[in-house]
Amino acid sequence: MAHLSAVAISLTVLVSIVGLGQCRNVGKLEWDASKGYMMYCPCSGRYGNQLEQFIGSLLFASKLGRVLVIPPFIMYPNALEAVPKNAYVQVDEYFDLDEIKKFYPDVITMEDFMTELAPLYWNEGNRVAYCSNGLADNNGGKCTRDGNPFRTFWQDQGIEFDDSEVWTNLYFNVEHAGVAEHWKEVYPASEHPVMALVTAPVINPISTAVEGLQHYLTFKDHIRQPAEEFIEKNLEKPFWGLHLRNGADWSRTCELLGTGDFPYLLSSRQCTGKEGDSVTREMCLQSEEQVIADIRYQLQLAEEDNRELPKSIFVATDHVAMEEDLQAAFPDIKIVTWGPDLDQMDLYVLGQADDVILNCVSAFSAFVKRDRDVNGKLVAFFGYLDPQKELPKVSRSPPHEEL
């Protein structure tokens, strides 16, 4: 029943998004020559990674004092599609742009920039791609690269570059003293009105300052309301949330952890700490047995803390939800899932759960952790073991004080 509801919700969301894309009504934008503009390609990873690139770029643009031209999210095609083609969703079709502007008001979508400003002020024949010398040295001295998304993204936005601008000794950690000023000295807006970075200006793992910007990501009503209805109809409270990554692409990523000692992989420092434990394969990819064991331990912790045990558990996944195995292991708890490919809805529901167990390595899980951190909610991770007890550790993160 939950899965049928999810299909209906999914269609509603898709129709809403398509509708928004067709009837955008933007007022006349004015060119800001004094501040200049900055754009980037979200060319590394899928939705969760692109969200990190967005909030990192938001901080970067604010420190440089440039208008951030926010790129659309890249939705990669299913390999089974007859004619695979990327889809693009503007940020304000998922998130409330007014809330984002409470942190930094100088933001516009790439669609609005290319429709209203580029034809007048960023003419074809004068469009320059910016990159580091490290990237250019491996690419024949140029910033532009072939392939999807490196060239496809820009082409699909109607952008062809005519030249490259290669920098040396510039860094993305603009929270540190003097770094942003150095960027402004090298690339003043008067001489470089549009900086089109071929990669997002973000350091991995993202800094605490970037993590705090999660506070300004508020889902729009067409995502929030159906998710609230799903919770009300299908999840008896209190409810917990799980995030399981076990798709084929993810499994291949986790295989890297069998080749040596990794201090971190992707978003693993969300659970191990900035200079913490090495990441293990169990943190990345879990068997049914491990998932069940970790849930049992978290239930034990809840009992010890005198917290009410869950009446239902919601499973978000990119592939297999293990629904039958989990229901057999926990017959007194209702196991609910609506399958893969409902990313925004999954993120919202996981944010609302009383407790969650997440994937330590996943950037998708990292979004949920940041959201729960700023709201003072509990987070635990699969496979992150306490060497004393050989049981999963739990993060009890307080809200960010600076927010």
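Residues numbered from 1 in each chain as written. Predicted model: local features only at pLDDT ≥ 70, side-chain atom pairs only at ≥ 80, totals over all residues. Heavy atoms only, no water.

### Here's the deal with the nonpolar core
The condition is simple: Among the buried residues, those of types Ala, Val, Leu, Ile, Met, Phe, Trp, Tyr and Cys that are joined through side-chain atoms within 4.5 Å form a nonpolar core. For every residue, the accessible area (1.4 Å probe, protein chains only) is compared with the maximum for its type, and the residue is labelled buried under 20%, exposed over 50%, or partly exposed between those bounds. Every residue pair with non-hydrogen atoms within 4.5 Å of one another is taken to be in contact.
Phe54, Leu68, Phe95, Trp183 and Phe314 are the most contacted members of the largest nonpolar core, which totals 76 residues. The contact partners of Leu68, leaving out residues within four places of it in the chain, are Met38, Tyr40, Phe54, Ser57, Leu58, Ala61, Asp106, Val107 and Ile108. Within the second largest apolar cluster, 26 residues are counted, among which are Cys43, Ala129, Val194 and Ala196.

### Observations regarding the packing of helix H2 (residues 47-64) against helix H7 (residues 179-186)
Filter applied, for reference: Only the contacting stretch of a helix is used when fitting its axis, a line to C-alpha atoms as for every element, and angles between N-to-C directions run 0 to 180 degrees. Only DSSP runs of H or I with at least four residues qualify as helices, and only runs of E with at least two residues qualify as strands; both kinds are numbered from the N terminus onward. Note on terminology: angles under 35 degrees are roughly parallel, angles over 145 are roughly antiparallel, angles of 65 to 115 are roughly perpendicular, and the others are oblique. Here a crossing is taken to be left-handed if its near helix is turned anticlockwise relative to the far helix by less than a right angle, and right-handed if that turn runs clockwise. Throughout this entry, Asp, Glu, Lys and Arg are counted as charged residues, while Ala, Val, Leu, Ile, Met, Phe, Trp, Tyr, Cys and Pro are counted as nonpolar. The remaining residues, Gly among them, count as polar.
Remark: H2 packs on H7, axes separated minimally by 9 Å, with the N-to-C direction vectors making an angle of 65 degrees. Of the possible angle classes, the one that applies to H2 and H7 is roughly perpendicular. Remark: the crossing between H2 and H7 carries right-handed chirality. Across from Phe60, Lys63 and Leu64 in H2, the residues of H7 making contact are Ala180, Trp183 and Lys184. Here the residues of the contact of H2 with H7 are counted per class, giving four nonpolar, no polar and two charged.

### Focus on the environment of Leu59
Note that Leu59 resides in helix H2. The class of Leu59 is buried, set by a relative accessible area of 7%. In this structure the C-alpha to C-alpha distance between Leu59 and Val174, which are 115 residues apart in sequence, comes to 8.1 Å. Setting aside residues up to four positions removed in sequence, Leu59 forms contacts with Phe103, Val174, Glu175, Ala209, Val210 and Leu213.

### Observations regarding the pattern of salt bridges
For clarity, the threshold we go by: Here a salt bridge means any side-chain nitrogen of Lys or Arg lying within 4 Å of a carboxyl oxygen belonging to Asp or Glu.
Using the criterion set out here, one finds 12 salt bridges in the structure. Salt-bridge contacts for Asp106 lead to Lys35; the nearest nitrogen and oxygen are separated by 2.7 Å. Here Asp106, found in the loop between helix H3 (97-101) and strand S5 (107-109), pairs with Lys35, found in the loop between helix H1 (2-22) and strand S1 (37-40); they are 71 residues apart in sequence, far enough to count as distant. Overall, the relative accessible area of 30% leaves Lys35 in the partly exposed class. The partner of Lys102 in a salt bridge is Glu99, with the nearest N and O atoms 2.8 Å apart.

Fair warning: the whole summary comes from geometry, so function is off the table for now.
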